[in-house]
Amino acid sequence: MSRRSPSPNVIDCSDLVIDRIGHGGATRAVDGVTFQIRPGGLLCVAGPTGSGKSTLVAALAGSTDPSVRIVGGTAEVCGVDVRKPGRRHRELTYLSGFVPQGAGATLPPSLTVTEVIAEPILIREKRVNTKALSIRIATLLDELHLPLGTADKFPYELSAGMRQRVAIARAFVLEPKVLVADEVLANLDLEVRPVVFDAITRRRTEQDMGALLVTNDAAFIRELKAETLMLRSGHVVARGVGDDLLWVPNAEADSRR
């Protein structure tokens, strides 16, 4: 039997079905979602609360949350089968940078900012060039407009917006092939949002980093000139670029009720 040739995409989803497991049993969170993201490509996922956005991106980022279970379809991220990653789960988390929902609020409280950002490297590498790592962290702090003095602080000493930028720096530190981010602009002041926009755009342009972003910020989506996937109750109800969305039959009318 011939092996399937590797996909050229950084994310490949086909008819993906994901359940959320709770005390009352399984609930269908994502039902039949299909999309692809090429290197350097971008897709924004939007929709109301409970539409399945966070479940979708968590599963694709290799979440080990036992309540998130892929039960149908296929999904590959950077060539790794997300449904059954096995020993390649480590590779998946190395190649993808993940900013989960509420990332800034869940940073390890006992680590300094330097240690938080460096952790993805330190848990993988036994021998690390500390000088080179320090330079990389300083460069990320500068890029995200965080004072260098931030490096020695603990998360609880920072504002919510600063913590969010630390979480973004942590996702960037391994120079991922794809960024998977859930509400990447959360808690950011308006003057800081272009900084994050530029950081994502620069990596897409210079490093061919793909990006899957959960956001309902229409202005941000327009600025990124991004394709949008609109979810409702786990189903794709619309897709398109900017305000030019192609809705499934009756979905647009239902959304206005």
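Everything numeric in this text was worked out from a predicted model, so none of it was measured. (Residues numbered from 1 in each chain as written. Predicted model: local features only at pLDDT ≥ 70, side-chain atom pairs only at ≥ 80, totals over all residues. Heavy atoms only, no water.)

Participant: Go over the overall build of the protein chain with me, naming the residues and quoting the values.
Facilitator: A count of helices and strands for the protein chain gives eight helices and 11 strands. Its C-alpha atoms give the protein chain a radius of gyration of 18 Å, within 12% of the compact-globule value 18 Å for 257 residues. Dimensions of the protein chain along its principal axes, counting C-alpha atoms only, are 55 × 50 × 40 Å. Buried residues in the protein chain amount to 47% of all 257 residues. Relative to all contacts within the protein chain whose residues are 6 or more apart in sequence, the contacts with residues 24 or more apart total 66%. Put simply, the protein chain has 32 plus and 30 minus side-chain charges, and the middle of one group is 6 Å from the middle of the other. (Helix = DSSP H or I, 4+ residues; strand = E, 2+ residues; numbered from the N terminus. Rg over C-alpha atoms; globule rule 2.2 N^0.38 Å. Buried < 20%, exposed > 50% of the residue type's maximum accessible area, 1.4 Å probe, protein only. Contact = heavy atoms within 4.5 Å. Lys, Arg positive; Asp, Glu negative; His and termini not counted. Charge placed at Lys NZ, Arg CZ, Asp CG, Glu CD.)

Participant: With reference to specific residues and values, describe the packing of aromatic side chains.
Facilitator: This model, assessed by the stated rule, comprises one aromatic pair. Geometry around Phe172 places Arg203 over its ring, the cationic atom sitting 3.9 Å from the centre. (Phe/Tyr/Trp six-rings, centres within 6.5 Å; stacked < 30°, edge-to-face > 60°. Lys NZ or Arg CZ within 6 Å of the ring centre and 35° of its normal.)

Participant: Residues and numbers for the sheet that holds strand 10 (residues 235–241), please.
Facilitator: The strand order 6-7-8-3-9-10-11 describes an open sheet built from seven strands, whose pairing is mixed. Either end of the sheet is taken by a strand with one partner, and the two such strands are strand 6 (96–99) and strand 11 (244–247). Neighbour-to-neighbour, the strand axes of this sheet turn through a mean angle of 20 degrees, independent of strand direction. Examined bridge by bridge, strand 10 and strand 11 share four bridges and lie antiparallel to one another. (Pairing = 2+ DSSP bridges. Axes fitted to C-alpha atoms, helices over the stretch in contact; angles between N-to-C directions.)

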